[in-house]
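One-letter residues, chain by chain:
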Amino acid sequence: DAKTTQPTSMDCAEGRAANLPCNHSTISGNEYVYWYRQIHSQGPQYIIHGLKNNETNEMASLIITEDRKSSTLILPHATLRDTAVYYCIVSHHSNTGNQFYFGTGTSLTVIP
Amino acid sequence: SQTIHQWPATLVQPVGSPLSLECTVEGTSNPNLYWYRQAAGRGLQLLFYSVGIGQISSEVPQNLSASRPQDRQFILSSKKLLLSDSGFYLCAWKGTANNEQFFGPGTRLTVL
C-alpha cells in the first residue's frame, strides 16, 4: 500500500513555479522519498529523490521537511509539457527488492 | 546506455485466452525487474518483482504469473485472461549502482 498522500489535482500557470506537496508521516529512517511523473499513456519518468537534505537537479528541486514527514517537489518554471500525473513514493534501498508502492498521484495541469 | 523494451505495445484478447508479455533490458547486468499494472484512471500496482534468474516475488494474489528465464528478460503470463486483467502493464528495472526504477513504454491490454 502507498505510504503517501497527495492532492488529487493542481493547476499552475505556464512559467510559474509548480509546488507539489506530499505527506509521508509514517516514513521510517531508512526510507527515501522519490518523485516520478507519468504523461498520459507513457511509462513513469524518474524526476528526483532524497533522504534528508534538499536536492536539486536539472528537472526539479525536492524540499524535505526537517521531521521528514512531508516534502514538496518544485518545478521552477512550469511548461505545458510538464502537464502530467506526479507520484510521490517512499521506499527503502534494498538489494532484495526496493519495491515502489504508487498512490494515485497529483494530476498537474499547466495552463497557458 | 541502458534501454528497456516491452512488447507488444497494444493487445486485444478475448476472455479465457492466454497471455504472454515480454520485457527485456539492455546495457545492464543483474538488474532487479518489476511488473506493474495500471487500471484505467488508477495508480500503478506492483504485481511482481525479481532480483535474479528464476527468482520471482508476488505482491498480490491474482490471475497472472511471472518468470525470469534470463538475466535481462522478464515475462508476464496468464493461462486464462479475465476482464479485470485489462490495463496498462509496465515493466521496470533497477540497477545495482542506483536505486531508482526506470520504466518501459508499457503494453496496453484490453480483454473483451
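Structural data are supplied above this passage.
In what follows, the accompanying structure is described. Note that the structure is a prediction, hence the values are computed from the model and not measured. Along every chain, residues carry numbers that run from 1 in the direction the sequence is written. Labels follow written order: the first chain is A, the first ligand is 1, and so on. It should be noted that, the model being predicted, local features are given only for residues of pLDDT at least 70 and side-chain atom pairs only at 80 or more, the latter also being counted only at that level, while totals for whole chains, interfaces and linings use all residues. Side-chain metrics in this entry use all non-hydrogen atoms of the structure; hydrogen atoms and water are not considered.

1. A look at the state of the cysteines
Next up, step 1: In what follows, a disulfide is any cysteine sulfur pair within 2.5 Å. In the structure shown here, the tally under the stated rule is two disulfides over all chains.
Next up, step 2: Each sulfur in the disulfide pair C23 of chain B and C91 of chain B lies 2.0 Å from the other. Across the disulfide from C23 of chain B to C91 of chain B, rotation about the S-S bond amounts to roughly -75°, and the bridge is consequently left-handed. Placement of the pair is C23 of chain B in strand β3 (residues 19–26) and C91 of chain B in strand β9 (residues 87–94), with a sequence separation of 68 residues.
Next up, step 3: Free cysteine: C12 of chain A, not disulfide-bonded; nearest cysteine sulfur from C22 of chain A at 18 Å. Helix and strand assignments follow DSSP, with helices taken as H or I runs no shorter than four residues and strands as E runs no shorter than two, numbered in order from the N terminus.

2. Comments concerning the side chain of D82 of chain A
Next up, step 1: With respect to the helices and strands, the residue D82 of chain A is situated in the loop between β7 (70–75) and β8 (84–92).
Next up, step 2: Excluding residues within four positions of it along the chain, D82 of chain A makes contact with R37, L75, H77, L108 and V110 of chain A. Pairs of residues are marked as contacts when any of their non-hydrogen atoms sit within 4.5 Å.

3. Side note on the layout of surface pockets
Next up, step 1: As defined here, a cavity is a set of points on a 1 Å grid over the protein atoms alone where a 1.4 Å probe fits but cannot get out. A pocket is an open set with protein on both sides within 12 Å along at least five of seven lines, and residues line them when an atom is within 4 Å of a point. Grid points are joined across faces, edges and corners, and a volume is the space filled by probe spheres set on the points. Here the largest pocket is characterised by a volume of approximately 530 Å³.
Next up, step 2: Surrounding the largest pocket, 26 residues form its lining, H40 and V85 of chain A together with Q38, G41 and R42 of chain B being those nearest its centre.
Next up, step 3: Every element with two or more residues in the lining of the largest pocket is listed here: β8 and β9 (106–111) of chain A together with β9 and β11 (107–111) of chain B.
Next up, step 4: Here the residues of the lining of the largest pocket are counted per class, giving nine nonpolar, 15 polar and two charged. As a working rule, the residues Ala, Val, Leu, Ile, Met, Phe, Trp, Tyr, Cys and Pro are called nonpolar, Asp, Glu, Lys and Arg charged, and the rest polar, with Gly in that last group.

All quantities given are derived from atomic positions and should not be read as evidence of function.
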